[in-house]
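These are the residues of each chain, in order.
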Amino acid sequence: MDQGQTAERTSITTAMNFVRDKSGAGSFSNLNPELTTLKLASSQVEIHDARTLAKAPSFAQEGFEIHDLPMPGANFFDMDWVRNVYGPRTLEFVKQLVNADHIASFHAGMFFRDTGKMLDTLDTPLRGKAADFVHMDYTRASVMPFVREAVDAETLERFPHVKIFNVWRSLTPPPQDVGLAFCDQRTLDRDDWVFGQTVEKNFPQGVPFLTGVFNPAQKWHYYSAMSQDEVVIFKGCDTDEAAPVGCMHGAFVHPDPGHVTVPRASIEFRVIALFKD
């Protein structure tokens, strides 16, 4: 961490995109922008630097955590390395971290995002721009077909409680021009939820996702100056109806023009964690 960047700054205020109203969010496509029909409006949001909080955020409370997870010999431009080395190491790390009974890679595994041209030569179709609106990637109902695709029925019967964790890592050096903000899951009001559809070539019928309208009661956080050795792991979905459904998140542009170094590129790995109860 570059302490000089954030030592005196505990929060920033910048624009974030929310759904315009509760009539419906529209559709979103990671890979085909022409299919995106989102109805958004920006609001000024105070985003707190989670590094400066008196108590570090947790999965049980806010819904997200930061961890050191260095990858010696990393080559994120080599998809064989990403699939065969990065994937298994990350799966095992998450399994131990959350004490899961069973772990599996989510549909599509890795997803790369780029706000510049760093990843132009990357040989993968799973690459898109930063998702610059607040959202959760799935609902409790829409996530289950993907879980059943990755986990056999016998294992799912033994471990019926499902949590999806997103492992997010910046591939470019700090400070980041585009950050990723996380909403404290305890501050989301169900009355503010709005549903949309993710539409891609492999599921043209659409997959429901969750977004929402702005509410000043929401508490937003980010981690300043992330290094490539750090990951933010956040709860993408929890099937326990008694628990918060997940951690709303979204990309934002840092408000300080002098903050920009190189356009941010990142990798996201979605993990299915299963529990007995």
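Predicted, not measured: the structure shown is a model, and the values here were computed from it.

Attention now goes to the overall build of the protein chain. Secondary structure summary: the protein chain contains four helices and 14 strands in total. The C-alpha radius of gyration of the protein chain comes to 18 Å, within 12% of the 19 Å expected for a compact globule of 277 residues. Each of the three principal axes of the protein chain carries a C-alpha extent, and together these read 55 × 50 × 40 Å. Residues classed as buried in the protein chain amount to 55% of the 277 residues present. Contacts in the protein chain between residues far apart in sequence, at least 24 positions, make up 81% of those at least 6 positions apart. Accessible surface for the protein chain amounts to roughly 12,600 Å². Of this, 50% is attributable to carbon and sulfur atoms.

For helix H2 (residues 79–98), spanning 20 residues, the distance from its first C-alpha to its last is 27 Å, which sits close to the expected 28 Å at 1.5 Å a residue. Of all the bends in H2, the largest measures some 30° and sits at Tyr 86, one to four residues before the proline Pro 88. Met 79, Trp 81, Val 82, Tyr 86, Gly 87, Thr 90, Leu 91, Val 94 and Val 98 are the residues of H2 that are buried. Along its buried surface, H2 packs onto strand S5 (102–114), strand S7 (161–170), strand S12 (230–238) and strand S14 (265–275). One or two positions beyond H2, positive phi appears at Asn 99, with a value near 60°.

Here the focus is unusual backbone geometry. The amide bond that connects Pro 174 to the next residue, Pro 175, takes the cis arrangement and shows omega of 0°. Mapping Pro 175 onto the fold places it in the loop between S7 and strand S8 (178–183). In this model, Asn 99 sits at a positive phi of 60°, which is unusual for a non-glycine residue. One can find Asn 99 in the loop between H2 and S5. Given a relative accessible area of 63%, Asn 99 falls into the exposed group. Despite not being glycine, Ala 225 shows a phi value in the positive range, around 45°. Relative to the helices and strands, Ala 225 resides in the loop between strand S11 (220–222) and S12.

Inspection of the secondary structure assignment puts Val 82 in helix H2. Sequence separation of Val 82 and Ile 267 is 185 residues, and the distance between their C-alpha atoms is 9.9 Å.

Basis of the calculations
- Residues numbered from 1 in each chain as written.
- Predicted model: local features only at pLDDT ≥ 70, side-chain atom pairs only at ≥ 80, totals over all residues.
- Heavy atoms only, no water.
- Helix = DSSP H or I, 4+ residues; strand = E, 2+ residues; numbered from the N terminus.
- Rg over C-alpha atoms; globule rule 2.2 N^0.38 Å.
- Buried < 20%, exposed > 50% of the residue type's maximum accessible area, 1.4 Å probe, protein only.
- Contact = heavy atoms within 4.5 Å.
- Areas by Shrake-Rupley, 256 points an atom, 1.4 Å probe, with all protein chains shown as cover.
- Expected span 1.5 Å × (residues − 1).
- Bend = angle between axes of the 7 residues up to and from the residue.

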